[in-house]
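Results of the structural survey
Here are the chains, one letter per residue:
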Amino acid sequence: MQRRSLLALGVALTLLVALMSSQRLTRALDWLWFDLVQQISALPPPDDLVIVEIDEKSLQSLGRWPWSREHHAELLYRLSEARAVVFDVIFADADTRNPAGDLAFARALSEHGRVILPLYLEQLGRQGQVMEVVPASRFYQAAAAIGHVHVAPDTDGVVRSLYLKEGLGNPYWPHLSYALHQLVSGSSEAPKGVRDRVVENSNDPHLIARDFHNWLPMPGSHQGIVHHSFVDVLEGRVTGFEGKIVFVGATAAGLGDLFTTSVGSMPGVELNAWSYQALSHELTIVRPAQTTVTWICAVAVLLLVVMLGHLSPAAFLLATLGSLAVILFANTILQLGFGIWLPVSPMVIALLLFYPLWSWLRLEVALAYLRRELRELSPVNLPATIAGTELVERTVHRLNQAQHQARKDRRLIEQSLENLQDAVIIADLSGKTLLINSAAKGLLAPVIKSDAEENLFEESGTEVEPGLLHWLATLEPANNRSWSELLRELLQKQQALSLQAKQEDRDLFVQAALISLENREPDTLIITVTDVSELKAAEKARMEALNFLSHDLRSPLVSVLAIVGMQRSDDPPSPEQALNDIELLVSKNLNYAESFLHLSRAQSLQPSQLRLCDLHAVLDAAQMQGMALARSKQIQLRCERTDEDAWVMGEQDMLERALLNLISNAVKYSMPLTEIELSLQRKGKQMLLQVSDQGKGIASEDLPTLFDRFTRSKKHQQEKGAGLGLHFVATVARRHQGRVTVESQPGKGSRFILALPACDESELDN
């Protein structure tokens, strides 16, 4: 069956190749490869070739084009020692305004004796008669040879070839480069090249007959022909043309032809020079006849299909890639070394199609055979995908199938549980740990025994062995029940267990359940432990905030309403006193709200928001604002700071607010006519901001909770405040990877120290 499929596929691909090659459907790809090969091509050094170019310099010196023929005559006298001169300039009409110039040019042509002039074919109108435009009679008779200057651009506009013979009705005229080759070599042999259908002695005015088609090799990127300006040669500034072949043509913008070639744009005169170089060294490229190309491609593809189709998959892939490489390499060698261009794109496409098609057919045949054989041997439904593509041992597959599926399921469960943040342990009733994730290892690693520990439960399933109780004992259930009792209840009722527990300073939420893996009695225990410490802390903070909102923020508003009610009574107090009281109460609430806002901003500060911050500027700003507070109590603010730079990564506004909170507290709890000292120093890799006062000090029993929210010293309850200022300072310090500490003794004042990590030189450079 495979042989028939291979033969059918080979015949189909052969016919496809024949179609693509005969109809030239892949010529764009063939041209692309031709151009790529030409990028590494090179021609013999053109040491005997010179181009005299009609460039912008010559136009500026001799005037607008066309010039008097006397200039061309003078140029020929300057080139009298040249081996040959080729004009890529049309001299079709006589110069009626300067007949003397024509006579001089004709005389120079005749005296030189080795000058070739061009002709071109011109169409009159879009569909009009085609005419051969030859040089004027005097020049025609004096020239050594006449050649056409036409090239054969492909449909993509790139010039890759030319016809060595071309003419109306009959390809009579040689190409300019071929006429030069005949003149220099004296050869009269027929040129090589692909022969076209020639129509002899045709009177059809629209027919251009062409023959001897040749593709052009291109020069290397390092090669070039010597160029001299027309005016420099004319005025004698450039000499030494003895034995040289000189091409004269236009390179000025808008004056001469500019062709696109395989290696880039090239003026027409330079293209003619390189064409002669290829002809003189017999390096032009010939393309075999289309029928020959088609047969070569078709036969080669059929042979390759038959040979490659019998290889193993790995050898098939390597052989296919090798065949493609050999085809392209051989094509390159033929083109560069033997001057033969064989379009191989149809072969390449056929091989690129053959590999996936034949692989698919072989895979389908192999899988159908395996499914059929295994279905006959076993009633169990087989998976849709069977390992292997060609030969699979039925026995090995049947033995490995269950184990493979079990490993796959286990990996799926392990990877799913591994990414959970909760601690998860799955064990059977014998105490063997089936699965344990990383979170559980981190939480319970010190107390978990190995998989080989003894049964967790006795055969009755009602008693728990010490192995499980060992780590359960570290968790304290919130309902004060023992773990033995809880697990016994779980086994008896077979209902999920959920409860809160404590482990040192952690709040945990434990869940346990029994499941059945084999659709019988429960045989597996799943325990999950979730750390809810942060949730508990957040809940506590929320309750504290609610208590604060319900009391401290509500009380001033109730007082305001009472004042308003008194103003509406029959004997109201003075309006000024009422307004002062309302202002005081509203200011109190506003301070509470601002404290909440600043604390919320500090708690949401992210590391990405930190920028380079100068603590000198922070200290200056806080000191300026603190001076107004200190002045009200006639307190003097002194400042001492280091002379070093004090850069940290921080949020400047929050650092200013934190330092100002410390200064404000120092002013609030200091007696009038005292001093507050501000300090900025560097200690190792830390910057220290210190605020020292001569106030009342803080009792030792208040120090542990001093930086908690809504906390105020018991001795200072009469002072106004929400108890959020120092908590804000501590929050800002933590968000900046720092800390805040306090040193205080009752009656001797306090010193608050805000320590922040200093920036190193690398951070400053960045």
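Residues numbered from 1 in each chain as written. Predicted model: local features only at pLDDT ≥ 70, side-chain atom pairs only at ≥ 80, totals over all residues. Heavy atoms only, no water.

Let us now look at the overall build of the protein chain. When helices and strands are tallied, the protein chain shows 23 helices and 26 strands. Across the protein chain, contacts joining residues at least 24 apart in sequence account for 69% of those joining residues at least 6 apart. About 42,000 Å² of surface is accessible on the protein chain, with carbon and sulfur atoms providing 54% of the total. (Helix = DSSP H or I, 4+ residues; strand = E, 2+ residues; numbered from the N terminus. Contact = heavy atoms within 4.5 Å. Areas by Shrake-Rupley, 256 points an atom, 1.4 Å probe, with all protein chains shown as cover.)

Let us now look at the sheet that holds strand β8 (residues 173-174). Overall, antiparallel pairing links the three strands, which are arranged β8-β7-β9 in an open sheet. Here the strands that pair on one side only, and so sit at the sheet edges, are β8 and β9 (208-215). Examined bridge by bridge, strand β7 (residues 161-168) and β9 share seven bridges and lie antiparallel to one another. Bridge pairing links Y163 to H213 in β9. (Pairing = 2+ DSSP bridges.)

For the rest of this paragraph, the subject is the packing of aromatic side chains. On inspection of all chains with the given rule, the structure shows 15 aromatic pairs. Taking 6.5 Å as the distance between ring centres and 50° as the angle between the ring planes, the aromatic pair formed by F247 and Y276 counts as tilted. With F247 in strand β11 (residues 245-250) and Y276 in helix α9 (residues 268-280), this pair connects stretches of sequence that are 29 residues apart. Across the pair, Y276 and F247 agree in class, each one buried. Pairing F316 with Y355 gives two aromatic rings, centres 4.8 Å apart and planes at 40°, and the pair type is tilted. (Phe/Tyr/Trp six-rings, centres within 6.5 Å; stacked < 30°, edge-to-face > 60°. Buried < 20%, exposed > 50% of the residue type's maximum accessible area, 1.4 Å probe, protein only.)

It is worth spelling out the packing of helix α21 (residues 652-668) against helix α22 (residues 725-735) at this point. Contact geometry of α21 with α22 gives a least axis separation of 9 Å together with a crossing angle of 145°. Seen from above, α21 lies across α22 with left-handed handedness. Together, M654, L655, R657, A658, N661, L662 and N665 of α21 and G725, L726, F728, V729 and V732 of α22 make up the contact between the two elements. (Axes fitted to C-alpha atoms, helices over the stretch in contact; angles between N-to-C directions. Left-handed = near helix turned anticlockwise from the far one by under 90°.)

On to the sheet that holds strand β24 (residues 686-692). In space, the five strands of this open sheet follow the order β21-β23-β24-β26-β25, with mixed pairing throughout. With partners counted over all chains shown, the strands left at the sheet margins are β21 (636-641) and β25 (739-745), one partner each. Going from strand to strand, the sheet's axes swing by 15° on average, the running direction of each strand aside. Strand direction decides the pairing type here: β24 and strand β26 (residues 749-757), joined by seven bridges, are antiparallel. Paired with S692 across the two strands is R751, which belongs to β26. Sitting on the sheet, helix α20 (residues 615-631) touches β21, β23 (675-683), β24 and β26, and the angle it makes with β21 is about 170°. Across the face of the sheet, α22 comes into contact with β25 and β26 while running at roughly 140° to β25.

Let's shift gears to the pattern of salt bridges. Counted by the stated rule, this structure contains 17 salt bridges. Two residues, R160 and D35, come together in a salt bridge whose shortest N-O distance is 2.8 Å. Taken as a pair, R160 in the loop between β6 (158-159) and β7 and D35 in helix α2 (residues 27-38) lie far apart in primary sequence, 125 residues in all. Measuring nitrogen to oxygen at the nearest pair gives 3.5 Å for the salt bridge that ties K493 to E489. Of this pair, K493 and E489 both sit in helix α16 (residues 483-493), separated by four residues, roughly a single helical turn. (Salt bridge = Lys/Arg side-chain N within 4 Å of Asp/Glu carboxyl O.)

With that settled, consider the pairing of β24. For β24, a buried count of six out of seven residues is recorded, marking the element as mostly surrounded by other parts of the structure. Here seven bridges tie β23 to β24, and the two strands are oriented antiparallel to one another. Each residue of the ladder has a partner; that of K683, found in β24, is Q686. Between β23 and β24, which follow one another and run antiparallel, lie two residues, and G684 among them has a positive phi close to 65°.

A separate point is the packing of helix α4 (residues 69-78) against helix α5 (residues 99-112). In the contact formed by α4 and α5, the axes pass within 7 Å of each other and the chain directions differ by 20°. As summarised for this structure, α4 and α5 are arranged roughly parallel, according to the angle between their axes. α5 is crossed by α4, and the crossing has left-handed handedness. In this structure, α4 contributes R69, E70, H72, A73, L76 and Y77 to the contact, and α5 contributes A100, G101, D102, A104, F105, R107, A108, L109, E111 and H112. Taken together, the residues that form the contact of α4 with α5 break down as eight nonpolar, three polar and five charged. (Parallel < 35°, antiparallel > 145°, perpendicular 65-115°, else oblique. Nonpolar A, V, L, I, M, F, W, Y, C, P; charged D, E, K, R; others polar.)

In this fold, S679 is placed in strand β23. For the pair S679 and S692, spaced 13 residues apart in sequence, the C-alpha to C-alpha distance is 8.4 Å. Contacts of S679, omitting those with residues within four sequence positions, involve E640, L688, L689 and Q690.

With 14 residues, α5 ought to run about 20 Å at 1.5 Å a step, and its terminal C-alpha atoms sit 20 Å apart, in line with that. Listed in full, the buried residues belonging to α5 are G101, D102, A104, F105, A106, A108, L109 and H112. G113 occupies a position one or two residues after α5 and carries a positive phi of about 80°. (Expected span 1.5 Å × (residues − 1).)

A separate point is unusual backbone geometry. With an omega of 0°, the peptide bond between W65 and P66 qualifies as cis. A positive phi angle is found at E282, which is not glycine, with a value near 55°. As for its position among the elements, E282 is in the loop between α9 and α10 (290-308). Although it is not a glycine, L673 sits at a positive phi angle of roughly 65°. Of note, L673 is situated in the loop between α21 and β23.

Right, let's talk about the pairing of strand β1 (residues 49-54) for a bit. Buried residues dominate β1, accounting for six of its six residues. The side-chain alternation of β1 yields two buried faces, one formed by L49, I51 and E53 and the other by V50, V52 and I54. Here β1 runs beside β11; their pairing, made up of six bridges, is parallel. Looking at β11, one finds that L49 is bridged to I245. Pairing of β1 with strand β10 (residues 226-229) involves four bridges; the strand directions are parallel.

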